[in-house]
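Working through the structure, step by step
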Amino acid sequence: MTGNELFSQALGMVGERVSDSDLACFAAGWISLLLAEAFDVENSVLKSEGRAPFEHVPVLKALGDEIPYSDRVVRYALPDGLSAFLYEISDDPNMAADYRARYIAALRECARLAPADVADCY
């Protein structure tokens, strides 16, 4: 999914049309912030799948860029996080808090445990 697709999805969740929104100039920055917040969750997904985790938080430079995270995180959690920013900017703190809570809950659901050896110290 690209940044544009994620932004369009989040606008739809808050009841705005892409053509009516003048907030696209903020979207790449907001998405990059969400990528930083979801970094540990994404790395847990990668480790559980046996793939190498990210060493650094990716930054979305343009809305046309592909978001490099797993589909589950991008399609399930990030739209709620971006919607929280959109509600916040529209001065609706209650809906912003609701979508922020949804985002955090979705990140928790996306997180995976990676198998590891445990040493018995007794």
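First, a word on what this report is: a plain description of the structure on this page. (Residues numbered from 1 in each chain as written. Predicted model: local features only at pLDDT ≥ 70, side-chain atom pairs only at ≥ 80, totals over all residues. Heavy atoms only, no water.)

**Notes on unusual backbone geometry**
Threshold: Working definition: helices are DSSP H or I runs of at least four residues, strands are E runs of at least two. Numbering for both runs from the N terminus.
Residue Asp91 is not a glycine yet carries a positive backbone phi of 60°. Note that Asp91 resides in the loop between helix H4 (71–89) and helix H5 (93–110).

**Overview of the packing of aromatic side chains**
To describe a pair of aromatic rings, you give the distance between the ring centres and the angle between the ring planes. Stated formally: A pair of aromatic rings is counted whenever rings of Phe, Tyr or Trp (Trp by its six-membered ring) have centres within 6.5 Å, and the orientation is called stacked for planes under 30 degrees apart, edge-to-face for over 60 and tilted otherwise. When a residue's accessible area, from a 1.4 Å probe over protein chains only, is under 20% of the maximum for its type it is buried; when over 50% it is exposed; and in between it is partly exposed. Definition used: whenever NZ (Lys) or CZ (Arg) falls within 6 Å of the ring centre and also within 35 degrees of the ring normal, the charge is taken to sit over that ring.
Inspection of every chain in the model, using the stated rule, returns four aromatic pairs. On the basis of an interplanar angle of 45° and a centroid distance of 5.5 Å, the ring pair of Phe54 and Tyr69 is categorised as tilted. In this pair, Phe54 sits in the loop between helix H3 (39–48) and H4 while Tyr69 sits in the loop between H3 and H4, placing the two residues 15 residues apart along the sequence. When its relative accessible area of 26% is taken as the criterion, Phe54 is described as partly exposed. One aromatic cluster is present, formed by Phe26, Trp30 and Phe85 through successive ring pairs. Geometry around Tyr76 places Arg72 over its ring, the cationic atom sitting 4.3 Å from the centre. Cation over ring: Arg102 sits above Tyr99, and NZ or CZ is 4.3 Å from the ring centre.

**Focus: H3**
Stated formally: In this analysis, two residues are considered to be in contact whenever any of their non-hydrogen atoms come within 4.5 Å of each other.
Within H3, seven of the ten residues are buried, leaving the element largely enclosed by the surrounding structure. Among the residues of H3, Phe39, Val41, Glu42, Asn43, Ser44, Val45 and Leu46 are the ones counted as buried. Each element contacted by the buried residues of H3 is listed here: helix H2 (24–37), H4 and H5. Looking at the residues trailing H3, positive phi occurs at Gly50, about 75°.

**Description of the nonpolar core**
Let me state the cut-off plainly: Residues grouped as a nonpolar core are buried Ala, Val, Leu, Ile, Met, Phe, Trp, Tyr and Cys residues, joined through side-chain atoms within 4.5 Å.
In this structure, Ile31, Ile67, Tyr69, Leu78, Leu82 and Leu86 are the most contacted members of the largest nonpolar core, which totals 35 residues. Those elements giving two or more residues to this core turn out to be helix H1 (3–13), H2, H3, H4 and H5. Top contributing element to this core by residue count: H4, with nine residues. Setting aside chain neighbours within four positions, we find Tyr69 in contact with Leu35, Ala38, Phe39, Glu42, Phe54, Pro58 and Val74.

**Digging into the pattern of salt bridges**
Under the convention used in this document: The salt bridge definition used is simple: a Lys or Arg side-chain nitrogen within 4 Å of an Asp or Glu carboxyl oxygen.
Using the criterion set out here, one finds four salt bridges in the structure. In this structure, Arg75 engages Asp71 in a salt bridge whose closest nitrogen and oxygen atoms are separated by 3.8 Å. Placement of the pair is Arg75 and Asp71 together in helix H4, with a separation of four residues, close to one helical turn. Relative accessible area serves as the criterion here: at 44%, Arg75 is assigned to the partly exposed category. The partner of Asp98 in a salt bridge is Arg102, and the shortest N-O contact between them spans 3.0 Å. A residue pair is termed a helical-turn pair when its members lie 3 or 4 positions apart in one helix, as Asp98 and Arg102 do in helix H5 at four residues. Looking at Asp98, the relative accessible area reads 28%, which means it is partly exposed.

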